[in-house]
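Observations on chain architecture
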Amino acid sequence: MPTYEFRCRTCDDTFELQRPMSESSAPASCPDGHPDTVKLLSMAGISGTQQQPQAGGGGCCGGGCCGS
């Protein structure tokens, strides 16, 4: 079952709830009972690699056209 992260707008606490995907958008109360919460975007399960730009590739700042 997926875990969703929420933040309480009243006490600024963050908490997690496990619930079925079909209930992912359902409202959630914080552990202190405050009803005003927002679901946070979780980065869990997102993977990949980030490529670094190549230096000196002839672009504006890599090829010397910026007056250097």
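Structure: see above.
To start, this report covers the structure provided alongside it.

Rules used throughout
Note on numbering: residues in each chain are counted from 1, in written sequence order. Residue-level local features of this predicted model are given only where pLDDT is at least 70; pairs of side-chain atoms are given and counted only at 80 or more, and the full residue set underlies all totals for whole chains, interfaces and linings. Here the side-chain values reflect all heavy atoms present in the structure, with hydrogen atoms and water set aside. Ring pairs shown here join Phe, Tyr and Trp side chains whose ring centres sit within 6.5 Å, with only the six-membered ring taken for Trp; geometry is labelled stacked below 30 degrees between planes, edge-to-face above 60, and tilted in between. Accessibility here uses a 1.4 Å probe with only protein chains present; expressed as a share of the type maximum, an area under 20% marks a residue as buried, one over 50% as exposed, and anything in between as partly exposed. Only a pair of cysteine sulfur atoms within 2.5 Å qualifies as a disulfide here. Side-chain atoms within 4.5 Å are what join buried Ala, Val, Leu, Ile, Met, Phe, Trp, Tyr and Cys residues into a set we call a nonpolar core. Runs of H or I in DSSP of at least four residues are treated as helices and runs of E of at least two as strands, each being numbered from the N terminus. Whether two residues touch is decided by their heavy atoms; if any such pair falls within 4.5 Å, the residues are in contact. A strand pair is defined by DSSP finding two or more bridges across the two strands. The angle between two axes is taken between their N-to-C directions and runs from 0 to 180 degrees, where each axis is a line fitted to C-alpha atoms and a helix contributes only its stretch in contact.

1. Here we look at the packing of aromatic side chains
Evaluated as defined, the whole model comprises 1 aromatic pair. Aromatic pair Phe6 and Phe15: ring centres 5.6 Å apart, planes at 15°, arrangement stacked. Residue Phe6 shares its accessibility class with Phe15, and that shared class is buried.

2. Observations concerning the state of the cysteines
By the definition in use, this model includes 0 disulfides. Cysteine Cys8 remains unbridged, with the sulfur of Cys11 as its closest cysteine sulfur at 3.6 Å. For Cys8, a relative accessible area of 0% gives the class buried. The exposure class assigned to Cys11 is partly exposed, which follows from its relative accessible area of 32%.

3. Some details on the nonpolar core
By size, the foremost hydrophobic cluster in this structure holds 6 residues: Tyr4, Phe6, Cys8, Phe15, Ala28 and Cys30. Counting residues per element, this core draws most heavily on strand S1 (residues 3-8), at 3 residues. Contacts of Tyr4, omitting those with residues within four sequence positions, involve Phe15, Glu16, Leu17, Arg19, Pro20, Met21, Ser24 and Lys39.

4. Brief notes about the environment of Arg9
Secondary-structure assignment places Arg9 in the loop between S1 and strand S2 (14-18). Arg9 gets classed as partly exposed once you look at its relative accessible area, which sits at 48%. Sequence-wise, Arg9 and Val38 are 29 residues apart; in three dimensions their C-alpha atoms are separated by 7.3 Å. If sequence neighbours within four positions are ignored, Arg9 has contacts with Asp36, Thr37 and Val38.

5. A few points about the sheet that holds S2
Pairing within the open sheet is antiparallel, and its 3 strands lie in the order S2-S1-S3. Each edge of the open sheet is held by one strand with a lone partner, namely S2 and strand S3 (37-39). The sheet shows a mean angle of 35° between the axes of neighbouring strands, direction not considered. Across 5 bridges, S1 lies against S2 in antiparallel orientation. Residue Arg7 lies in a different strand from S2, and its bridge partner there is Thr14.

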